[in-house]
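If you want the building blocks of each chain, they are given just below.
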2 protein chains.
Amino acid sequence: MLEATLNEAATLKRLLDAVKELVQDANFECNESGINLQAMDNSHVALVSVKLHSDGFALYRCDRPIPLGVNLGSLTKVLKCAKDDDKCTLKATDDGDVLSLKYEAHNADRVAEYDMKLMDIDADTLGIPDTEYDARVTMLASEFTRIVRDLMSLGESVRIEVSKEGVRFASDGEAAQGNILLKQTDAARERYENYGKDDEDEEVKEDDDDDEKPKKTKKKEKVKKEEDADDEDEEMANGEDDEAEFHAKSEDEGEGEEEVSDSEKKKRKRTAASSSKAKAKKKAKKASVESSAEGGAGGVHIEMTQHVNLTFSLKYLVNFSKSASLSDTVQLMLKNDVPLLVSYTFGQGYIRYYLAPKIGDD
Amino acid sequence: MLEATLNEAATLKRLLDAVKELVQDANFECNESGINLQAMDNSHVALVSVKLHSDGFALYRCDRPIPLGVNLGSLTKVLKCAKDDDKCTLKATDDGDVLSLKYEAHNADRVAEYDMKLMDIDADTLGIPDTEYDARVTMLASEFTRIVRDLMSLGESVRIEVSKEGVRFASDGEAAQGNILLKQTDAARERYENYGKDDEDEEVKEDDDDDEKPKKTKKKEKVKKEEDADDEDEEMANGEDDEAEFHAKSEDEGEGEEEVSDSEKKKRKRTAASSSKAKAKKKAKKASVESSAEGGAGGVHIEMTQHVNLTFSLKYLVNFSKSASLSDTVQLMLKNDVPLLVSYTFGQGYIRYYLAPKIGDD
DNA sequence: TTCGTATACG
DNA sequence: CGTATACGAA
């Protein structure tokens, strides 16, 4: 039995907008921690991963894990019948082959109920490698959208290069070739540096739902490298996917995503234990840094341990960038020969896209 | 070697918007005085002439004249990649078959560079007749846009008639026929009359880059005629094109445009010499008249020496009217049986369209 | 300016 | 059929 209420139907609508063009059918995996969706596009070049935390719902109850096999086209149609600010309740029984959606206007004057047939979908539980990326770029989601759309009109693919100069997006086309260089915003860098210096115990916060391992000394090094243009090598952890396609894990291999999730939990606990007294202070500081560096003047924030240079299909990136409606900022995580991670984090969770690079940098 | 920097990429974008639908490929003729473009549409019914003065650029350098053969579609695509307020630098080498465009955000955090292939275009240097028009209508560009669009929905062509009553735009369609009469705005007329009376030496300024010959006595006469409804004939100077198409000059005939330019220079010198002491005063007065008559309350300003009545294809006029984004006001110059001149003047230069009338006033 | 739709084109 | 462009509306 699942029963989950979102205060804004818009969240679901926006999530679906970008996903439905990538995947036709997918399982919404519901469990006590929330709702997850993972799916590959048909060509197995892109992978999308959505998380809605249970505590982001106005009401959430899920007795036992249920996979809800949904045709995303149908769900989109049904969601179109909700107003953006409607309260939206999802219900499904454990054995059920039906998903019920209830939309309620906030003044309770209107209640709409829809039932959607569910389907059985082979649970290609996907192993998402817990990659240690070499570069992270945080930028305005709208700017990312703009860049990939601009380059899309020139050519099919974009080369993304992160160097100490900044991040460069380059595309070659028949009529013209172009590239856009985004420099680390000065204001963002200064704030970032002060942020590091102020508090020796502080670590670079990646994200609310960070993929990476927060090893404090290493993190410090990363920042230093960015400033000193140090090129020394650093070990790769879990860098296991350097091919152009994702591979579905057979189910008995275990759930890759759950593994990631577990390690995240551990990290959070450790962090909390090691510096609990400074917690409140840090939180405040972090918020201010993020709002000024990321949300503020459209600053670009770059962290890098290695020069990276990869080529991707613009078609996918343009598709991903539709999720800009969910968040003001987007994070790009890169490492040579490994899928790019494009991540939008919002109040209730996140949507992450993984895109295999083009091989041979063509 | 050409290197030219515009403070606002929007200027180029807006210029291209209207031109690209008229012409596919055109030469940007660059020389020390600035950048010119002249081209005819495929049917040879319309001609467009663009000028960007070198002193309108933040930086301008052109060692020797270079024609840059540009596919306007490609250039449009590349310009789409610029934000309106980006600083835009154009670069081309003398022998170059490439045009480089650099866009810089004003905070310098983003630098985009594009290279566009150039092409060889037969330089149909066009002879633009140095016509002495019989009527000039200055009006709000937005009003002109509105009128031609409105009439476009009724019929294919518009008859434009300038009489002492004002200027009338009339269209006949199957479902309906309509006409719009714009009277000379009183406020504009008064200011204009005072302006003439105040200073006997003053001449009617046409435009910053006037095509016409400023013959002072004749100009006075024109104003008088407008008031007295005098119908006496006046000789036409250079009225050599009364057919429905423009003719390309072969290159060895000389450059018509340069001729015009030369004669303009002479005129300017003569004017300057004859009344240099009153120059500053005139300038100030001229500015005030222009701002009140043209920019003010949307007044329509009409000067006329002859009753004119011509018919034009609305499709072209609607296209021309897209240049309204470049200037608040538009000037229509008319003379019977001669192409209409539609002129938008802006800070950096102008865009002028010539449109051959429909023959037989159908 | 951004969005959505309509249409023309490949 | 999908894409790209143009136009009108918000």
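What counts, and at which threshold
Residues numbered from 1 in each chain as written. Chains lettered and ligands numbered in written order. Predicted model: local features only at pLDDT ≥ 70, side-chain atom pairs only at ≥ 80, totals over all residues. Heavy atoms only, no water. UniProt positions renumbered as here; feature names shortened; annotations may be inferred. Contact = heavy atoms within 4.5 Å. Buried area = accessible area lost by both parts, 1.4 Å probe. Salt bridge = Lys/Arg side-chain N within 4 Å of Asp/Glu carboxyl O. Helix = DSSP H or I, 4+ residues; strand = E, 2+ residues; numbered from the N terminus. Axes fitted to C-alpha atoms, helices over the stretch in contact; angles between N-to-C directions. Left-handed = near helix turned anticlockwise from the far one by under 90°. Nonpolar A, V, L, I, M, F, W, Y, C, P; charged D, E, K, R; others polar. Buried < 20%, exposed > 50% of the residue type's maximum accessible area, 1.4 Å probe, protein only. Polar contact = N/O pair within 3.5 Å; in protein donor to acceptor, adjacent residues only side chain to side chain. Phe/Tyr/Trp six-rings, centres within 6.5 Å; stacked < 30°, edge-to-face > 60°. Lys NZ or Arg CZ within 6 Å of the ring centre and 35° of its normal. Arc of directions from axis to C-beta. Near = heavy atom within 4 Å. pLDDT = per-residue confidence, 0-100. Pairing = 2+ DSSP bridges. Disulfide = S-S within 2.5 Å.

Under an unreviewed UniProt entry, the name given to chain A is DNA sliding clamp PCNA, and the organism recorded is Lactarius akahatsu. Taken verbatim from the UniProt record of chain A, the Sequence similarities (unreviewed entry) comment is "Belongs to the PCNA family." The Function (unreviewed entry) field of the UniProt record for chain A holds the comment "This protein is an auxiliary protein of DNA polymerase delta and is involved in the control of eukaryotic DNA replication by increasing the polymerase's processivity during elongation of the leading strand."

Things to note about the interface of chain B and chain A
The interface of chain B with chain A comprises 17 residues on the first partner and 18 residues on the second. Between chain B and chain A, a total of about 1400 Å² is buried, with carbon and sulfur atoms accounting for 43% of that surface. The interface formed by chain B and chain A includes one salt bridge. With a shortest N-O distance of 3.6 Å, Arg110 of chain B and Glu143 of chain A are connected by a salt bridge.

Some details on unusual backbone geometry
Residues and elements named next belong to chain B. Here His44, not a glycine, exhibits a phi torsion of approximately 60°, which is positive. With respect to the helices and strands, His44 occurs in the loop between β3 (34-40) and β4 (46-53). A positive phi angle, close to 65°, is found at Asp337, a residue other than glycine. Take Asp337: it is sitting in the loop between β16 (329-334) and β17 (340-346).

Overview of the packing of helix α1 (residues 9-19) of chain B against helix α2 (residues 72-80) of chain B
All names here are of chain B. The N-to-C vectors of α1 and α2 enclose an angle of 145°; their axes lie 10 Å apart at closest approach. Where α1 crosses over α2, the two elements pack in a sense that is left-handed. Counted together, Leu12, Lys13, Leu16 and Val19 of α1 and Leu72, Leu75, Thr76, Leu79 and Lys80 of α2 form the full contact between these two elements. A per-class count over the contact of α1 with α2 returns six nonpolar, one polar and two charged.

Regarding the side chain of Thr145 of chain A
Residue and element names in this part refer to chain A. Along the chain, the position of Thr145 falls in helix α3 (residues 141-152). Residue classification places Thr145 among the buried positions, given a relative accessible area of 11%. Separated by 3.4 Å, the side chain of Thr145 and the backbone oxygen of Ser321 make a polar contact. The residues contacting Thr145, other than those within four sequence positions of it, are Ser321 and Ala324.

Remarks on the environment of Met152 of chain B
All names here are of chain B. Relative to the helices and strands, Met152 resides in helix α3 (residues 141-152). Its relative accessible area of 36% is what places Met152 among the partly exposed residues. Discounting chain neighbours no more than four positions away, the residues touching Met152 are Leu314, Lys315 and Val318.

Here we look at the packing of aromatic side chains
Inspection of every chain in the model, using the stated rule, returns nine aromatic pairs over all chains. Centre to centre, the rings of Tyr103 of chain A and Tyr114 of chain A are 5.3 Å apart; their planes meet at 40°, and the pair counts as tilted. Of this pair, Tyr103 of chain A sits in strand β8 (residues 98-104) while Tyr114 of chain A sits in strand β9 (residues 111-117), and the two are eleven residues apart along the sequence. A relative accessible area of 28% places Tyr114 of chain A in the partly exposed class. Judged by centre distance (5.0 Å) and plane angle (45°), the rings of Phe57 of chain B and Tyr60 of chain B are tilted. In this arrangement the basic side chain of Lys315 of chain A is found over the ring face of Tyr316 of chain A, its NZ or CZ atom lying 5.3 Å from the centre.

A few points about helix α2 (residues 72-80) of chain A
Residues and elements named next belong to chain A. Turning to α2, its buried residues number three or more, namely Leu72, Leu75, Thr76, Val78 and Leu79. One face of α2 carries all of its buried residues, which in axial projection span an arc of 165°. Opposite the packed face of α2, turned more than 90 degrees from it, sit the exposed residues Lys77 and Lys80. Summarising the contacts, the buried residues of α2 are in contact with α1 (9-19), β2 (25-31), β6 (66-71), β8 and β9. One side-chain oxygen at the N-terminal end of α2 lies 2.9 Å from the backbone nitrogen of Gly73; it belongs to Asn71.

Details of the pattern of salt bridges
Under the criterion given, the structure shown has 25 salt bridges over all chains. One salt bridge connects Asp84 of chain A with Lys13 of chain A, and the closest N-O pair in it is separated by 3.1 Å. Within this pair, whereas Asp84 of chain A is found in the loop between α2 and β7 (87-92), its partner Lys13 of chain A is found in helix α1, the two being separated by 71 residues in sequence. On the basis of relative accessibility, which here comes to 41%, the residue Asp84 of chain A falls in the partly exposed class. For the salt bridge of Arg159 of chain B with Glu161 of chain B, the shortest nitrogen-to-oxygen distance reads 3.0 Å. Beyond isolated ion pairs, a larger network of salt bridges with shared partners links Glu143 of chain A together with Asp86 and Arg110 of chain B.

A look at the protein's contact with DNA strand D
All names here are of chain B. All residues in the neighbourhood of DNA strand D are listed as Lys20, Glu21, Lys77, Arg149 and Lys322. Side-chain polar atom of Lys322 to a phosphate oxygen of DNA strand D: 3.0 Å apart, as the coordinates give it. Residues of the surface near DNA strand D, tallied by class, amount to no nonpolar, no polar and five charged.

Points about the confidence of the model for chain A
Mean pLDDT over chain A stands at 78; residues scoring 70 or higher make up 69%. Every residue in residues 251-296 of chain A scores below 50 in pLDDT, and together they form 57 contacts with partners more than four places removed in sequence or on other chains.

Thoughts on the sheet that holds strand β15 (residues 308-313) of chain B
All names here are of chain B. One open sheet holds the four strands; their spatial order is β13-β12-β11-β15, and the pairing between them is antiparallel. Each edge of the open sheet is held by one strand with a lone partner, namely β13 (177-182) and β15. Put simply, the sheet's adjacent strands are angled 15° from each other on average, direction ignored. Here strand β11 (residues 157-163) pairs with strand β12 (residues 166-172) via five bridges, running antiparallel. Each bridged residue has a counterpart across the sheet, and for Glu161 the counterpart in β12 is Arg168.

Here we look at the state of the cysteines
Under the criterion given, the structure shown has zero disulfides over all chains. Cys30 of chain A takes part in no disulfide bond, and the closest cysteine sulfur, belonging to Cys62 of chain A, lies 5.5 Å away.

So, the pairing of strand β13 (residues 176-182) of chain A
Both faces of the sheet carry side chains from a regular strand, because those side chains alternate between them. Counting buried residues in β13 of chain A gives six out of seven residues, a clear majority hidden from the surface. Relative to β13 of chain A, strand β12 (residues 166-172) of chain A is paired through six bridges, and the arrangement is antiparallel. Its bridge partner being in β13 of chain A, Ala170 of chain A is matched across the sheet by Asn179 of chain A. A loop of three residues connects β12 of chain A with β13 of chain A, the two strands running antiparallel in sequence. In the sheet, β13 of chain A pairs with strand β9 (residues 110-117) of chain B via seven bridges, with the strands oriented antiparallel.

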